[in-house]
Amino acid sequence: MLVYVNGKFVPEEQAFVSIFDHGFLYGDGVFEGIRAYNGKVFRLKEHVDRLFDSAKAIDLEPEVTKEEMSEIIKDTLRKNNLKNAYIRPIISRGKGGMGLDPRKCEKPTVVCAAVEWGAMYGDLYETGLSAVTVCVRRNPPDTLPPNIKSLNYLNNILGKIEANYKGGDEAIFLDRTGKLAEGSGDNLYLVKNGVLYTPPTINNLKGITRMVILEVCEKIGLKFEICELGLFDLYTADEVIVSGTAAELCAIVKIDGRKIGTGVPGPAFKNILAAFQKETAVGDAY
C-alpha cells in the first residue's frame, strides 16, 4: 500500500511522521473519514470542506488548498487501485518541540491513506445492533466542540470501551445535561409514529451521512424533525438508527437490554437505506 506523506507517496512500511509531531504528542490535528464506491468518491467536496473547517477551528493553516487535498485523496485511491475504499486524510500541527505551544511547529504534516472497505457491521445490518448508554458524557461544546473532528478521540474511545465491557455493539452518548448526543462514531436518529427525529448538531458531529439522510428523507417523503431528545424518547422509539461514513446506516434493535420496536430493523430504516444506497452511486470519479 502507498501512503501520501508530505508531498510524496511512500510504501506503508516507510510512512513515518516524527515522534515530535504535535499530532502524535498531543492529538493536535484534524482528520476526515471518506468513502469511495465503485470508483467514485462520495461527497468529496463536503468532506474536504469539513476537514478545512476543523483545521480553521483549531487555528491550523494547511499548506495545501482544498483542490490539492481533493487531488491527493484521488491520487491515493488511484495509486492503490482501490474502487471501494475508506480514505483517511490527516492534517496535524507538525513537528515541534516538547510543550503545548503550537507556534513551535513550523509546518503542518499532511497524510492520506486508504484501505479496501466493505460492510463494517457484516451480518448485523440484517439483524440490527445492540447498544448501551454509557456513563462517559459527550464533550460539551464549550470544552472540545464535537464538530472539530480532531485527532483527540479519547472521549469516543472511552465510551466504546465502556460499551465493550457492557456487551454492546455500540455506545450511545448523552451530553452533560442528559440529552441524547450520538454514538461512539455515528449520528443518532429515532423514528416515532412515522416521523424521524435527530438531535441538533451542537453536542454531536455534523455528519456528512447525516446530511445525506435528511436529504433522502425529503426525497422519499419521510417527515423529520431536529430537536432535543432524551432517554424516554430513546427507549420508546419505534426504530433507532445510527449512521456514519464508515458504518453507513444500521438499525439498533436493543438498548440497555430493552427491545426497540419489534426487535428487528424496521420499515423506515429499510426505506432510508435503499434510498441512501442510490445516492452512493454518485460521486467524484478518479
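Residues numbered from 1 in each chain as written. Predicted model: local features only at pLDDT ≥ 70, side-chain atom pairs only at ≥ 80, totals over all residues. Heavy atoms only, no water.

So, on to empty space enclosed by the protein. A probe as big as a water molecule, rolled over the atoms, marks out the empty space that is left. Taken as a whole and assessed by the stated rule, the structure comprises three cavities of 30 Å³ or more. In this structure, the largest cavity encloses a volume near 80 Å³. Together, 13 residues line the largest cavity, and Arg 138, Pro 146, Ile 148, Tyr 153 and Asn 156 are the ones closest to its centre. Grouping the amino acids of the lining of the largest cavity by side-chain chemistry returns six nonpolar, five polar and two charged. (1 Å grid on protein atoms, 1.4 Å probe; cavity = no way out; pocket = protein on both sides within 12 Å on 5 of 7 lines; lining within 4 Å. Points joined across faces, edges and corners; volume = space filled by probe spheres on them. Nonpolar A, V, L, I, M, F, W, Y, C, P; charged D, E, K, R; others polar.)

Computed from the structure, the largest pocket encloses a volume of approximately 610 Å³. The wall of the largest pocket is formed by 32 residues, among which Tyr 86, Lys 149, Tyr 153, Gly 185 and Ala 246 lie closest to the centre. Among the secondary structure elements, those contributing two or more residues to the lining of the largest pocket are strand S6 (85-92), helix H5 (154-166), helix H6 (208-220) and strand S14 (239-244). Residue classes in the lining of the largest pocket are distributed as 13 nonpolar, ten polar and nine charged. (Helix = DSSP H or I, 4+ residues; strand = E, 2+ residues; numbered from the N terminus.)

Attention now moves to helix H2 (residues 44-57). Spanning 14 residues, H2 covers 20 Å between terminal C-alpha atoms, matching the ideal 20 Å at 1.5 Å per step. For H2, the complete set of buried residues consists of Leu 44, His 47, Val 48, Asp 49, Arg 50, Leu 51, Phe 52, Ser 54 and Ala 55. Backbone geometry just downstream of H2 places Asp 59 in the positive-phi region, at approximately 60°. (Expected span 1.5 Å × (residues − 1). Buried < 20%, exposed > 50% of the residue type's maximum accessible area, 1.4 Å probe, protein only.)

To continue, consider the packing of aromatic side chains. Within this structure, the stated rule accounts for five aromatic pairs. Taken together, a centroid distance of 5.8 Å and an interplanar angle of 85° make the contact between Phe 42 and Phe 276 edge-to-face. You can see Phe 42 sitting in the loop between strand S5 (40-41) and H2 and its partner Phe 276 sitting in helix H8 (residues 267-279), a full 234 residues away along the chain. A single burial state applies to Phe 42 and to Phe 276, both of which are buried. (Phe/Tyr/Trp six-rings, centres within 6.5 Å; stacked < 30°, edge-to-face > 60°.)

In this structure, Met 69, Ile 73, Leu 77 and Ile 87 are the most contacted members of the largest nonpolar core, which totals 25 residues. Secondary structure elements with two or more residues in this core: strand S4 (34-37), H2, helix H3 (66-79), S6 and strand S7 (109-116). Ranked by residues supplied to this core, first place goes to H2 with five residues. With sequence-adjacent residues up to four places away left out, Ile 73 is seen in contact with Ile 34, Leu 44, Val 48, Ile 87, Pro 89 and Cys 112. Residues Leu 222, Ile 241, Ala 251 and Ile 272 belong to the second largest nonpolar core, which totals 20 residues. (Core = buried A, V, L, I, M, F, W, Y, C linked by side-chain atoms within 4.5 Å. Contact = heavy atoms within 4.5 Å.)

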